[in-house]
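# Breakdown of the fold
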Amino acid sequence: MNTKDPFTHNPPFPRQFASDVLTIDHGEGVYLFDIAGNRYLDFGAGIAVNALGYGNEEIARVAYEQMKKLVHISNLFTTEPAVELAMKLTATGNFEAVHLGSSGTEANEAALKYARLYAHRRRGPGHAKLLCFENAFHGRTLGALSVTPNAHYQEPFQPLLEGVTVLPFNDAKALERNLSSEFAGVIVEVIQGEGGLRVMTEAFARALNEACARYDVILIADEVQTGLARTGYPYASSMVGLTPDIITLAKPLGGGLPLSATLIPAKVNQLIRTGEHGTTFGGGPVTTAVASRILDRVLDPAVLAEVRRKAALLDEGLARLAARYPFVTELRGAGMLRGIAVDEKRAGTTAELIAKAREAGLILLRSGVDVLRIAPPLVISGEELKAGLALLEQVFAKI
Ligand code: PLP
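Residues numbered from 1 in each chain as written. Predicted model: local features only at pLDDT ≥ 70, side-chain atom pairs only at ≥ 80, totals over all residues. Heavy atoms only, no water.

The 7 strands are arranged β6-β12-β11-β10-β9-β7-β8 in an open sheet whose pairing can be described as mixed. The open sheet terminates on both sides in strands that have one partner only, identified here as β6 (97-101) and β8 (164-167). Direction aside, the axes of adjacent strands within the sheet are offset by 20 degrees on average. Pairing of strand β7 (residues 129-133) with strand β9 (residues 183-188), which is carried by 3 bridges, proceeds in the parallel orientation. From the neighbouring strand, L131 faces β9, where its bridge partner is V186. Packed on one face of the sheet, helix α3 (residues 80-90) meets β6, β11 (246-249) and β12 (260-264) and runs near 125 degrees to β6. (Pairing = 2+ DSSP bridges. Helix = DSSP H or I, 4+ residues; strand = E, 2+ residues; numbered from the N terminus. Axes fitted to C-alpha atoms, helices over the stretch in contact; angles between N-to-C directions. Contact = heavy atoms within 4.5 Å.)

Here we take up the domain arrangement of the protein. According to the domain assignment, the protein contains domain 1 (7-55 + 301-397) and domain 2 (58-298). For domain 1 and domain 2, the distance between their C-alpha centres works out to 26 Å. Facing the 28 residues of domain 1 at the interface are 26 residues of domain 2. Surface buried jointly by domain 1 and domain 2 totals about 2200 Å² across both partners, of which 62% is contributed by carbon and sulfur atoms. The largest contributions to the domain 1 side of the interface with domain 2 come from L52, L304 and L337, which together make up 25% of the buried area. (Domains from an automatic or database assignment. Buried area = accessible area lost by both parts, 1.4 Å probe.)

A word on helix α14 (residues 350-360). Of all the residues in α14, the buried ones are T350, L353, I354 and A357. Taken down its axis, α14 places every buried residue within 100 degrees of arc, on the same side. Of the surrounding secondary structure, the elements contacted by the buried residues of α14 are β14 (337-342), α13 (344-347), β15 (362-363), β16 (365-367), β17 (371-374) and α15 (382-397). Once α14 ends, the next one or two residues include G361, with phi positive near 100 degrees. (Buried < 20%, exposed > 50% of the residue type's maximum accessible area, 1.4 Å probe, protein only. Arc of directions from axis to C-beta.)

With that settled, consider empty space enclosed by the protein. For the structure shown, the criterion picks out 1 cavity of 30 Å³ or more. Of the volumes computed, that of the largest cavity is approximately 40 Å³. The wall of the largest cavity is formed by A48, A51, Q225, G227, L228, R230, P252 and L378. For the lining of the largest cavity, a count of residues per class yields 5 nonpolar, 2 polar and 1 charged. The two domains that each donate at least three residues to the lining of the largest cavity are domain 1 (7-55 + 301-397) and domain 2 (58-298). (1 Å grid on protein atoms, 1.4 Å probe; cavity = no way out; pocket = protein on both sides within 12 Å on 5 of 7 lines; lining within 4 Å. Points joined across faces, edges and corners; volume = space filled by probe spheres on them. Nonpolar A, V, L, I, M, F, W, Y, C, P; charged D, E, K, R; others polar.)

Attention shifts here to the packing of aromatic side chains. A complete count under the given rule lists 7 aromatic pairs for this structure. Between Y325 and F327, the ring centres sit 5.8 Å apart and the planes meet at 40 degrees, which makes this aromatic pair tilted. For Y325, a relative accessible area of 12% gives the class buried. For F327, a relative accessible area of 6% corresponds to the buried category. Residues Y325 and F396 carry aromatic rings whose centres are separated by 5.7 Å and whose planes lie at 70 degrees to one another, so their mutual orientation is edge-to-face. Taken as a pair, Y325 in the loop between α12 (301-324) and β13 (328-334) and F396 in helix α15 lie far apart in primary sequence, 71 residues in all. (Phe/Tyr/Trp six-rings, centres within 6.5 Å; stacked < 30°, edge-to-face > 60°.)

Written out as structure tokens, the structure reads:
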């Protein structure tokens, strides 16, 4: 028996992180291995990042070959991988350009700035308000944090941006009452990835499309967690009929390397002047070369159909668990981004459940307070999905 402690205790990271952290050594396929050699089936994918799982030789080769040629050059120049990726991304919708950055929050920051720039240039000052929704999560930098109405994240950093309105999610009437031409942008997730996995209704998507068009307000879909096949669609927006002006992407885009994208339409791009926004690392040749391959894989219609097929398996398995265990109060999410809301009084806290799952060899995530989140690598097989659900059932059966 291996007696090595797989946890690192009190690593010299800021106290915002946990003090006892499982220390991962490597991954293979959809499995992770800690430094003590324990194996885990991964239902978390590095928080919805590792779409192709671990140890992908092709992706490693692309990164290695590009690193030998050129790692960084700045945006005083461009490179063929960056241009190729930008062309592939803009071709996914009604987009003229893409701003490449390094994280989800940075993609949203750019989107909010572009929305304000558009309103300012089209309509002048006085149209800079931003609208977001309860339980949204858009990032940790000050702009994105200002539209992330979670007291725990916001409180110590006040004051944040002025002019932010927060409305209930999926409430078309509240939207009708509050949106006006004073707003520059509306930012919204199709599935609230960090805030409990509620899914946008088609009626709300329609209301957002119509209201934003009426006031010429920029509609931003934050698809950092839902984009690029996570729901079985290239974008979750198309799943519910949302037609955003701007889409933001990050998590799976760089295959685990830091890369984000802010996709913008011609009407916005045409108003931007040289030097008004930028970044040092965004869109480097290594991250974009990798992202090009990731896009080829995850946007392949056969792969998308396969994700939908596996999502149906997941549906069935989760419905069975919900029927058997009354502490499961609701199933949420869509595609391969699913939530199991639990009654913590009966089931124990989600933190405890996640620890028990880990002891059983399964990595799970949390979303909101009382929701277990499942976001496996998209390449997981049907058999591996069933194995994960069986491990989850083992945990539930002991409650
Ligand atoms: N937007 C959404 C929907 C997210 O889920 C996240 C991260 O969880 C972010 C933005 C922020 O991304 P990052 O952590 O890369 O800044």
